[in-house]
Amino acid sequence: MARVYNFSAGPSMLPESVLNKAAAEMLDYNGTGTSVMEMSHRSKAFQGIIEGAEALVREIYNVPDNYKVMFVQGGASTQFAAIPLNFMNGSGKADFIITGRWANMALKEAKRYGDCKVVASSEDTTFTYIPKTKREDFRPDADYVYYCMNNTIYGTTFKYIPDTGDIPLIADVSSCFFSEPLDISKFAVVYGGAQKNVAPAGLVIVIAREDMLGKARDITPTMLNYQVHADNGSMYNTPPCYTIYMCKLVLEWIKSIGGLEAMKERNEKKAKILYDYLDSSKLFKGTVVKEDRSLMNVPFVIGDKDMEAKFIAEAAAAGFINLKGHKTVGGMRASIYNAMPVEGVEKLVEFMKKFEEANA
Ligand SMILES: *Cc1c(COP(=O)(O)O)cnc(C)c1O
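1. Here's the deal with the site of the ligand
(1) Moving on: Every one of the 13 residues lining the ligand counts as a neighbour, but S77, T152, D172, Q195 and K196 are closest to it.
(2) Moving on: Here an oxygen atom of the ligand and a backbone polar atom of A76 are 3.2 Å apart.
(3) Moving on: Side-chain polar atom of S77 to an oxygen atom of the ligand: 2.6 Å apart, as the coordinates give it.
(4) Moving on: Considered on its own, the ligand offers 390 Å² of accessible surface; in the complex 86% of this is hidden by protein.
(5) Moving on: Per-element tally for the shell around the ligand: the top contributor is helix α3 (residues 75-87), with 4 residues.
(6) Moving on: Per-class residue counts for the shell around the ligand are 4 nonpolar, 7 polar and 2 charged.

2. Focus on the sheet that holds strand β3 (residues 93-98)
Strands in a sheet are paired, the pairing made by backbone hydrogen bonds, and the direction either parallel or antiparallel.
(1) Moving on: Judged by pairing direction, the sheet is mixed, and its 7 strands sit side by side in the order β2-β10-β9-β8-β5-β3-β4 without closing on themselves. Unpaired on one side and paired on the other, β2 (67-72) and β4 (115-121) mark the two borders of the sheet. Strand-to-strand twist in this sheet, taken as the mean axis angle between neighbours without regard to direction, amounts to 15°.
(2) Moving on: Against the sheet, helix α4 (residues 101-110) touches β3, β4, β5 (144-148) and β8 (169-172), its axis set at about 160° to β3.

3. Re the domain arrangement of the chain
(1) Moving on: Domain assignment breaks the chain into domain 1 (17-256) and domain 2 (260-358).
(2) Moving on: The centre of domain 1, based on its C-alpha atoms, is set 27 Å off from the matching centre of domain 2.
(3) Moving on: Contact residues are listed per partner, giving 27 residues for domain 1 and 25 residues for domain 2.
(4) Moving on: Note on domain 1 versus domain 2: buried area summed over both sides is about 2,100 Å², and carbon and sulfur give 56% of it.

4. A word on the packing of aromatic side chains
(1) Moving on: Counted under the stated rule, the structure contains 21 aromatic pairs.
(2) Moving on: Between F80 and W102, the aromatic rings sit 6.5 Å apart at their centres with planes inclined by 45°, giving tilted as the arrangement. Here the residue F80 occupies a position in helix α3, and W102 occupies one in helix α4, the gap between them amounting to 22 residues.
(3) Moving on: On the basis of relative accessibility, which here comes to 24%, the residue W102 falls in the partly exposed class.
(4) Moving on: Ring geometry for F284 versus F311: centroids 5.0 Å apart, planes at 65°, classification edge-to-face. Of this pair, F284 sits in the loop between α7 (259-280) and β11 (285-286) while F311 sits in helix α8 (residues 305-317), placing them 27 residues apart in sequence. Of the two residues, F284 and F311, neither departs from the other in class, the shared state being buried.
(5) Moving on: Among the aromatic residues, those joined into a cluster by ring pairs are Y5, F7, Y277, F284, F300, F311, F320, F351 and F355.
(6) Moving on: The ring of W102 has R101 lying over it, and the distance from NZ or CZ to the ring centre is 5.6 Å.

5. Digging into the pattern of salt bridges
(1) Moving on: Under the counting rule described, the total for this entry stands at 19 salt bridges.
(2) Moving on: In this structure, E210 engages K68 in a salt bridge whose closest nitrogen and oxygen atoms are separated by 3.8 Å. Residue E210 is located in the loop between β10 (204-209) and α5 (226-231), and its partner K68 is located in strand β2; the two are separated by 142 residues in the primary sequence.
(3) Moving on: Residues D137 and K134 are paired through a salt bridge, measuring 3.4 Å at the closest nitrogen-oxygen approach.
(4) Moving on: Classification of K134 by relative accessible area gives partly exposed; the value is 48%.
(5) Moving on: Within this structure, D95, D115 and R139 form a network of salt bridges that share partners.

Thresholds applied
Residues numbered from 1 in each chain as written. Predicted model: local features only at pLDDT ≥ 70, side-chain atom pairs only at ≥ 80, totals over all residues. Heavy atoms only, no water. Near = heavy atom within 4 Å. Polar contact = N/O pair within 3.5 Å; in protein donor to acceptor, adjacent residues only side chain to side chain. Areas by Shrake-Rupley, 256 points an atom, 1.4 Å probe, with all protein chains shown as cover. Helix = DSSP H or I, 4+ residues; strand = E, 2+ residues; numbered from the N terminus. Nonpolar A, V, L, I, M, F, W, Y, C, P; charged D, E, K, R; others polar. Pairing = 2+ DSSP bridges. Axes fitted to C-alpha atoms, helices over the stretch in contact; angles between N-to-C directions. Contact = heavy atoms within 4.5 Å. Domains from an automatic or database assignment. Buried area = accessible area lost by both parts, 1.4 Å probe. Phe/Tyr/Trp six-rings, centres within 6.5 Å; stacked < 30°, edge-to-face > 60°. Buried < 20%, exposed > 50% of the residue type's maximum accessible area, 1.4 Å probe, protein only. Lys NZ or Arg CZ within 6 Å of the ring centre and 35° of its normal. Salt bridge = Lys/Arg side-chain N within 4 Å of Asp/Glu carboxyl O.

Set out below in structure tokens:
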């Protein structure tokens, strides 16, 4: 079967050239006579892979020298606990901006460990917008401020970095990882699951300022202690070797197309094609306010459940898969991460136009 256009929110599409390279190296990586899946994580070959991946993270994101880059496991969801255990270590207070389900899950987990305050939230409209915050909103003695930069389920994204003054800022960037340039120096910690934009599932990349590390609570499980991973080059235990290898290939691909400036341009172009059509359509409607629209996740509705089911089924039959929206929003969602080619979005919009004509 021909490859389809996969609009899944995650795990999601990977660049075809990356998959081809992985296929070509499957049985014999670089003259080792083994697959990366089979090699010791202590081998020279794998050492080269993980160091190469870290170097690319640093280069592509311009990570300042006083930040550690760690490859860890457990998904973004495990970091929801690791973050308070590692960083809620002064006043025991953390402030949250709540813009969707993932921020809420992080809040719920952090509440087990200390005094969490919701400083701003868009829950009042089921997260259709990004609330504005200012420095005075945050408690000056908070150990950190936490937010989720791109809201995978609701399709909103922060177009500004919250000003928290001296309070460390921590962001979940899972669904906008490496999609556009980001000034890492504005953050104390940035982390994301890899399966949206960077690799297959099984890997989280944590970028943390050095002064944040080394102050984890005593009860912190060793595997959740970021200092342990930083001190051991992300090899305290067996890392997800193959996923890290895939991550390296994806980062090489990002670099090869011109880095994050080029990625951003490409992502803006794709998103514009889809949003412009949604704005002109009489059948389909976007669900979030225009100024906070995500470049990565585009939810939309028809407003008639049967018609939506018909659209999703016909789209899948035509080679546009995983367009069903999250159960909390309903309707449809097209996730158009880095790996989605411009042509995939153009063809989807063509298909939507035809569907609209046929069902007017
Ligand atoms: C997918 C996602 C998560 C959850 O990731 P897991 O790896 O499944 O734990 C968390 N935050 C955001 C923004 C996501 O998109």
